[in-house]
Amino acid sequence: MTTHLQTEGEANYTSCKKLTGLVAAISDEIHDVPLFHSLHQLSKVVACTSPNMQVMRSALINAGYKVSQSHTEALALKTDAPQSFLWDIMRAWVKEHPIKPGGRPSAGTRILARDSGPVAVDFKYARGSDTPNVPRFLPNPEENWGPKAIPGKRQRKGKGSGGDVKKPRQAE
């Protein structure tokens, strides 16, 4: 597929760059791991600033785990690391980048309060943690790009558009 896109892609496909990025992303993925973790969702749970993708990938590679991006989301991680180790990484990140104390008890505060023992998390640069040079998530070609309204169909605006139409009174 990649060779076909390189040789005949520009002439046959208008979105050749997007297809090349998608095929590259799929081929670089870890295929024996079915699910992915969103970097922003992990950070949202513990209410901290999100670590850089390279920093997170380095921590996983330095611990000996496989890691890749997902083709569906730009900030998604696919890894063979256990869920508990991902939370260990987030706890170590919060120790280096403290969050505001207080707030209501939540799942994030319980995760941060848990002591997992002496787990070494190394955020130093690891070879292979860089994202590949092929652009994977290209921006849309123009503003408001996507499906448009059906031609000829007008949307009603104002009073008569909803179920608030009053029936006229009948003479008695």
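Above: the structure in question.
Our subject in this report is the structure included herewith. Just so you know, these numbers come straight off a predicted model, no measurement behind them. (Residues numbered from 1 in each chain as written. Predicted model: local features only at pLDDT ≥ 70, side-chain atom pairs only at ≥ 80, totals over all residues. Heavy atoms only, no water.)

**Comments concerning the environment of Val45**
Basically, it comes down to this: Put simply, DSSP marks the helices as runs of H or I at least four residues long and the strands as runs of E at least two long, and each gets a number from the N terminus on. Here's how the labels work: a residue is buried when its accessible area is under 20% of the maximum for its type, exposed when over 50%, partly exposed in between, all with a 1.4 Å probe on protein chains only. The contact rule is simple, with two residues in contact once any of their heavy atoms fall within 4.5 Å.
With respect to the helices, strands and loops of the structure, Val45 is situated in helix H3 (residues 39-46). Note on Val45: relative accessible area 34%, which makes it partly exposed. Leaving out residues up to four positions away in the same chain, Val45 has contacts with Trp87, Gly108 and Ile111.

**Section: the sheet that holds strand E2 (residues 67-69)**
The condition that has to hold: Two strands are said to pair when DSSP picks up at least two bridges between them.
Strand order in the open sheet formed by three strands is E1-E3-E2, and the pairing between neighbours is antiparallel. Two strands bound the open sheet, and with one partner strand each, they are strand E1 (37-38) and E2. The sheet contact formed by E2 and strand E3 (residues 76-79) spans three bridges and is antiparallel. Bridged to Val67 within E3 is Thr79.

**Quick look at the packing of aromatic side chains**
For clarity, the threshold we go by: Side-chain rings of Phe, Tyr and Trp (the six-membered ring for Trp) are treated as a pair once their centres are within 6.5 Å; stacked means planes under 30 degrees apart, edge-to-face means over 60, and tilted covers the remaining angles.
Applying the stated rule across the entire model yields two aromatic pairs. Judged by centre distance (5.3 Å) and plane angle (45°), the rings of Tyr65 and Phe85 are tilted. Of this pair, Tyr65 sits in the loop between helix H4 (53-62) and E2 while Phe85 sits in helix H5 (residues 83-96), placing them 20 residues apart in sequence. In this structure Tyr65 comes out as partly exposed when scored by relative accessible area, which is 26%. When its relative accessible area of 8% is taken as the criterion, Phe85 is described as buried.

**Observations regarding H3**
What counts is decided by this rule: Of all possible arcs, the one meant is that of the directions from the helix axis to the C-beta atoms.
Residues of H3 that are buried include every one of Leu39, Leu42, Ser43 and Val46, and no others. Around the axis of H3, the buried residues are gathered within 95° of arc, so they sit on the same side. Those residues of H3 that are buried lie in contact with E1, H4, E3, H5 and helix H6 (107-113). Count one or two residues on from H3 and you reach Ala47, which has phi positive near 55°.

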